[in-house]
Amino acid sequence: MGDTPVVFPIRPVWESKESSSRIPFSVYTDEENHKRELERLFYKGHWCYVGLEAEVPNAGDFKRTVVGERSVIMVRDADGGINVVENVCAHRGMQFCRERHGNRKEFVYPYHQWNYKLNGDLQGVPFRRGVKQDGKVQGGMPKEFRTEEHGLTKLKVAVRGGVVFASFDHAVESLEDFLGPDILGYFDRLFNGRKLTILGYNRQRIPGNWKLMQENIKDPYHPGLLHTWFVTYGLWRADNKSQLVMDAQHRHAAMISTRGSGGARSEVTAGVTSFKESMEIQDKRLLDIVPEDWWGGPTAVMMTVFPSVIFQQQVNSVSTRHIQPDGKGAFDFVWTHFGFEDDTPEMTQRRLIQANLFGPAGFVSADDGEVIELSQYGFEQKPFHRAVAELGGYGEENTDHMVTETLIRGMYGYWRKVMEDPA
Amino acid sequence: MNTNDDTGVYLALAGLYADYAAAVDAQDWERWVGFFLDDCEYRVQPRENHERGFPLATLALISRGMLKDRVYGIKETLFHDPYYQRHVVGLPRILRREGDLIEAEANYAVFRTKLSKETTVFNVGRYLDRVRITPEGLRFASRLCIYDTEMIPNSLIYPI
């Protein structure tokens, strides 16, 4: 009877000190662990995605979004700069902004009408100097009250190529250092200075731990198996020319792939039940791929920037995918599809039709959400167990093929360094 | 079907809406495709995109061939947790009629039931339709499903 495992471990137990290939399920199920992740990964030492500059083109335009689980507002200032402030009033803590987008000259918190400049500075407090009654001044704030000490929490902001990141940690390294030269190169390939145009949003709520979405896009093992579309049309399969690249700390990654011939049977499709040789698209516009100059070769680059965002280029479809955790067992996944200012109407239409592959109804993305949900169910019932990510071995290295789970091991190597730091 | 007078048109439209709901609830996807003209449009779009003028849709199918591609995806390629859906569709509201083309709208609510789970509200919104009167009956030239639902509960596999 002694070999019955303890079902609910106190903290995640890793089988190996050297390798992060066996991932304890409790990293997905433990509440305390989740709070520590918010603290260490989202609120300190990292840049989080908040949006695109094109979402707030004019002075006063704002968008409400989140960093981790904290509501923030991205707003364009009168001088054209971008500010990000926390959506909590300094007076009584009210989340004052409820609209998701709009235009403001100032922020006013409705409860007691404190008002703030767009950069978060407190500019007015009603009855600050009291109210005159019968020749006497009644009430008011104490004379030592200083508005400078009661602004909204201001986040540090970095803008590059039209993409806006923010951090509650003003000591965070530069965005460029955070990404590292290799990932920065792929970032700049996509966001190369052209103005972006917003095509629209998709929002879905996935009942699984947020890390599973990072892992999904660090996992080149599944697309050629789960996603029939990718295999059959050669968009993503094990014999495509490909590369897996990480930053020096292994937290971010890029999966780079060049579309192969598809269709024909080969070693990688033999026995793959999702491969459909006879599958034929009725309306070819679904996959009307036109190469673009800026690709510079690869037909797909899927970037994971830890912890908050995925940048997608899969042929002509480009999007940002924002991971917004809500507790350990769920996250909101917000897709912003975009195009570029020099797109022809035909290219815009192509991007919109190829978007059928992605998002909550996507031919290749709908099932990702489904497998994440079902994984979470498995973790919850068996939290003492662990996942096995040993395709390609135990190490964390860049590769020139995709038959490996190296990026997942890399992410957990980094995760352990940050999460297990006694400080 | 007498589509020469207003009452006849209204009844025919109500019949189309009821038949459509019955087909998608019964997972009769061939029948679903049959409600559309060859040259047609079917979009499922968040209200936010619709109202802000953003063209992105969650599903954007722009021909009957593409509807068939979706059916193939549902039947053969998309992995998902099994579920039933149940549509409750309000009465049609005719916005305009020009010759054999009717523009109409109706509210809808779709409930989802997963095996061993409670029934939940899955998607709520408004159909915005262009319906053509043909010798074979009424057919959709376009059906837009503009949904209020802010967060799709994980994934949307079946047509609304």
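Since the structure is predicted, the reported quantities are computational estimates derived from the model, not experimental observations. (Residues numbered from 1 in each chain as written. Chains lettered and ligands numbered in written order. Predicted model: local features only at pLDDT ≥ 70, side-chain atom pairs only at ≥ 80, totals over all residues. Heavy atoms only, no water.)

A. Quick peek at the overall build of chain B. Each helix and strand in chain B was counted, giving four helices and eight strands. Each helix and strand of chain B, ordered N terminal to C terminal, gives the series α-α-β-α-β-α-β-β-β-β-β-β. For 160 residues, the compact-globule formula gives about 15 Å, and the C-alpha radius of gyration of chain B, at 16 Å, lands near that figure. Each principal axis of the C-alpha atoms in chain B carries an extent, and together these give about 50 × 35 × 30 Å. Classification of the 160 residues of chain B by burial places 54% in the buried group. Carbon and sulfur atoms provide 50% of the accessible area of chain B, an area that totals close to 7000 Å². Looking at chain B, you have 20 positive and 23 negative side-chain charges, and the mean spots of the two groups are 2 Å apart. (Helix = DSSP H or I, 4+ residues; strand = E, 2+ residues; numbered from the N terminus. Rg over C-alpha atoms; globule rule 2.2 N^0.38 Å. Buried < 20%, exposed > 50% of the residue type's maximum accessible area, 1.4 Å probe, protein only. Areas by Shrake-Rupley, 256 points an atom, 1.4 Å probe, with all protein chains shown as cover. Lys, Arg positive; Asp, Glu negative; His and termini not counted. Charge placed at Lys NZ, Arg CZ, Asp CG, Glu CD.)

B. Region of interest: the overall build of chain A. On a plain count of helices and strands, chain A comes out with nine helices and 21 strands. A globule of 423 residues ought to have a C-alpha radius of gyration of about 22 Å, and chain A, at 24 Å, matches this closely. In terms of overall dimensions, chain A has C-alpha extents of about 95 × 70 × 35 Å along its principal axes. For chain A, the proportion of its 423 residues judged to be buried stands at 57%. Counted over contacts in chain A with a minimum sequence separation of 6, partners at least 24 positions apart contribute 65%. Here chain A contributes 50 positively and 57 negatively charged side chains, and the mean placements of these two sets differ by 5 Å. (Contact = heavy atoms within 4.5 Å.)

C. Examining unusual backbone geometry more closely. All names here are of chain A. Residue Phe 306 is joined to Pro 307 through a cis peptide bond whose omega torsion reads 0°. Residue position: Pro 307 is located in the loop between strand 17 (300–305) and strand 18 (309–314). Positive phi, close to 60°, is recorded for Phe 127, a residue that is not glycine. Secondary-structure assignment places Phe 127 in the loop between strand 9 (122–124) and strand 10 (131–133). Given a relative accessible area of 62%, Phe 127 falls into the exposed group. Even without a glycine there, the phi angle at Val 315 is positive, about 40°.

D. The pattern of salt bridges, seen in detail. Evaluated as defined, the whole model comprises 41 salt bridges over all chains. For A:Glu280, the salt bridge identified is with A:Lys284, shortest N-O distance 3.3 Å. There is no split in this pair, since A:Glu280 and A:Lys284 are both exposed. Taken together, the shared-partner salt bridges in this structure form one network comprising A:Arg100, A:Arg203, B:Glu48, B:Arg52 and B:Glu150. (Salt bridge = Lys/Arg side-chain N within 4 Å of Asp/Glu carboxyl O.)

E. Up close: the sheet that holds strand 8 (residues 152–153) of chain B. The strand order 15(A)-16(A)-17(A)-18(A)-19(A)-20(A)-14(A)-8(B) describes an open sheet built from eight strands, whose pairing is mixed. Two strands close off the open sheet at either side, each with one partner strand: strand 15 (241–246) of chain A together with strand 8 of chain B. Examined bridge by bridge, strand 18 of chain A and strand 19 (residues 317–325) of chain A share six bridges and lie antiparallel to one another. The residue bridging A:Phe311 from the neighbouring strand is A:Thr320, located in strand 19 of chain A. (Pairing = 2+ DSSP bridges.)

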